[in-house]
Amino acid sequence: MKYKIMMAGALAALSWTHVSIAETNSSEYVSDWWHQSVNVVGSYHTRFGPQLNNDVYLEYEAFAKKDWFDFYGYIDVPKVFGVGNGNDVGAWDDGSPFFMEIEPRFSIDKLTGTNLGFGPFKEWYFANNYIYDMGDNKASRQNTWYMGLGTDIDTHSDVGLSLNVYAKYQWENYGAANEDSWDGYRFKVKYFVPLTQLWGGNLTYIGFTNFDWGSDLADKAGPSRTSNSIASSHILSLGYDHWHYSVVARYFHNGGQWNDGTELNFGKGNFNVKSDGFGYYLVVGYNF
């Protein structure tokens, strides 16, 4: 059985950075509200599957915040440059030709014409996080929808902070035992800290963390799988009007809900799962 390694985007909180740039120079872009970029991403030792994965891939990224609509999303073409380690498959070698993640949020305040903010909570959203990995067959395909409630926090500073909590419906999941069921929850926190001007650009620290819990996968699939996982990304980004450059460190705990240290064999010899630890990304992108 083949397991596709999930190609999660390295820039899922960069909208705060790009908004400030795009609003200042809107005439330089295709749209003054639909902000987009094309990125080349190199990843090293990502841990969304039971084996370490390296890849170099192409990414289209977009975000928008307009009236009641708040959006972030990206599309990856895995291994499009033919570069990766032995576990890596993609567009040209019977792997996934297409991976997508979108995070649309719809403002409850604006849609109802009601100010629901109180204390530090500025605005409330119906929040979604949808993930689709096309795969080349059912065993290499993922289809997951997180849905719930989101809010933005007033930090009384330049620091941006948003929170979302979701319930998860799991359709396809690379053949795992929790398919076609409600299966657990996710808490997502995003934060943004402007640091300084550097080399004519804006240096920014961005972070986002997913806490997943309450899954039945460990009960259904046995000790190689877990009921919880954490993926926490830490980004240093240098942004210009059109170009941006990022270095990313992402910490995984039970990455992909695999139990670290478990011995497995997928037909090519025994190996130990390495689902705890850091993975890294380098990103070069062009905003248009």
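Residues numbered from 1 in each chain as written. Predicted model: local features only at pLDDT ≥ 70, side-chain atom pairs only at ≥ 80, totals over all residues. Heavy atoms only, no water.

Asks: Please explain the nonpolar core as it appears in this structure.
Replies: The nonpolar side chains of a soluble globular protein tend to be buried with one another. Val41, Phe48, Tyr57, Phe192, Ile206, Phe208, Ala231, Ile235, Val248, Phe252, Tyr281 and Val283 form the largest nonpolar core, which has 12 residues in total. Sorting the residues of this core by element identifies β10 (201-213), β11 (229-239), β12 (243-253) and β15 (277-287) as the ones contributing at least two each. Phe63, Tyr74, Ile131 and Tyr146 belong to the second largest nonpolar core, which has 8 residues in total. (Core = buried A, V, L, I, M, F, W, Y, C linked by side-chain atoms within 4.5 Å. Buried < 20%, exposed > 50% of the residue type's maximum accessible area, 1.4 Å probe, protein only. Helix = DSSP H or I, 4+ residues; strand = E, 2+ residues; numbered from the N terminus.)

Asks: What am I meant to see in the pairing of β15 here?
Replies: If a strand is regular, its side chains alternate between the two faces of the sheet. For strand β1 (residues 35-46) and β15, the ladder comprises 8 bridges, and the chain directions are antiparallel. Bridge assignment links Val40 to a residue of β15, and that residue is Val284. Taken together, the 10 bridges between β12 and β15 define a ladder with antiparallel strand orientation. Residue pairing across strands places Tyr251 opposite Phe278, the latter belonging to β15. (Pairing = 2+ DSSP bridges.)

Asks: Looking at this model, I keep getting lost on the environment of His242. Mind explaining?
Replies: By the secondary structure assignment, His242 is in the loop between β11 and β12. Here His242 falls in the buried class, since its relative accessible area comes to 19%. Separated by 205 residues in sequence, His242 and Ser37 have C-alpha atoms that sit 8.5 Å apart. Dropping the residues within four chain positions of it, His242 is found in contact with Glu28, Tyr29, Gly285, Tyr286 and Asn287. Within the local environment of His242, its side chain forms a polar contact with the side chain of Glu28, the two groups lying 3.0 Å apart. (Contact = heavy atoms within 4.5 Å. Polar contact = N/O pair within 3.5 Å; in protein donor to acceptor, adjacent residues only side chain to side chain.)

Asks: Looking at this structure, I do not really get the packing of aromatic side chains. What am I missing?
Replies: Two descriptors summarise a pair of aromatic rings, namely the distance from one centre to the other and the angle between the planes of the rings. Counted under the stated rule, the structure contains 27 aromatic pairs. Both rings, one in Trp33 and one in Trp34, keep their centres 5.8 Å apart while their planes meet at 70°; by these two values the pair is edge-to-face. Given the relative accessible area of 32%, Trp33 is considered partly exposed. Its relative accessible area of 24% is what places Trp34 among the partly exposed residues. An aromatic cluster of at least three residues, connected via ring pairs, comprises Trp33, Trp34, Trp68, Phe69, Phe71, Phe106 and Phe126. The ring of Tyr146 has Arg186 sitting right over it, with the charged end atom 4.2 Å from the ring centre. The ring of Trp258 has Arg225 sitting right over it, with the charged end atom 3.8 Å from the ring centre. (Phe/Tyr/Trp six-rings, centres within 6.5 Å; stacked < 30°, edge-to-face > 60°. Lys NZ or Arg CZ within 6 Å of the ring centre and 35° of its normal.)

Asks: Any chance you could explain the side chain of Arg186 here in plain terms?
Replies: Mapping Arg186 onto the fold places it in strand β9 (residues 181-198). Polar contacts involving the side chain of Arg186 include one to the side chain of Tyr146, which spans 3.3 Å. Setting aside its immediate chain neighbours within four residues, Arg186 contacts Asn129, Ile131, Tyr146, Asn164, Val165, Tyr166, Asn210, Phe211, Asp212 and Trp213.

Asks: What is the right way to look at the pattern of salt bridges in this model?
Replies: Pairs may arise between side chains of opposite charge once their charged atoms sit close together. In the structure shown here, the tally under the stated rule is 11 salt bridges. Of the charged contacts, one joins Asp152 and Arg105 as a salt bridge, the two residues approaching to 2.9 Å between their closest N and O atoms. Residue Asp152 is located in strand β7 (residues 142-153), and its partner Arg105 is located in strand β5 (residues 105-107); the two are separated by 47 residues in the primary sequence. Of the two residues examined, Asp152 and Arg105, each falls in the buried class. Put simply, Glu123 and Lys110 hold a salt bridge, and the shortest N to O gap is 2.8 Å. On the criterion of sequence distance, the pair formed by Glu123 in strand β6 (residues 121-133) and Lys110 in helix α2 (residues 108-112) is long-range, its members being 13 residues apart. Several salt bridges share partner residues, and in doing so they unite Lys65, Asp70, Arg105 and Asp152 into one network. (Salt bridge = Lys/Arg side-chain N within 4 Å of Asp/Glu carboxyl O.)

Asks: What's the story with the environment of Leu161 in this structure? I'm lost.
Replies: Positionally, Leu161 belongs in strand β8 (residues 160-173). Under the relative-accessibility criterion, Leu161 is labelled partly exposed at 24%. On a C-alpha basis, the gap between Leu161 and Gly207 in space is 9.7 Å, while along the polypeptide they are 46 residues apart.

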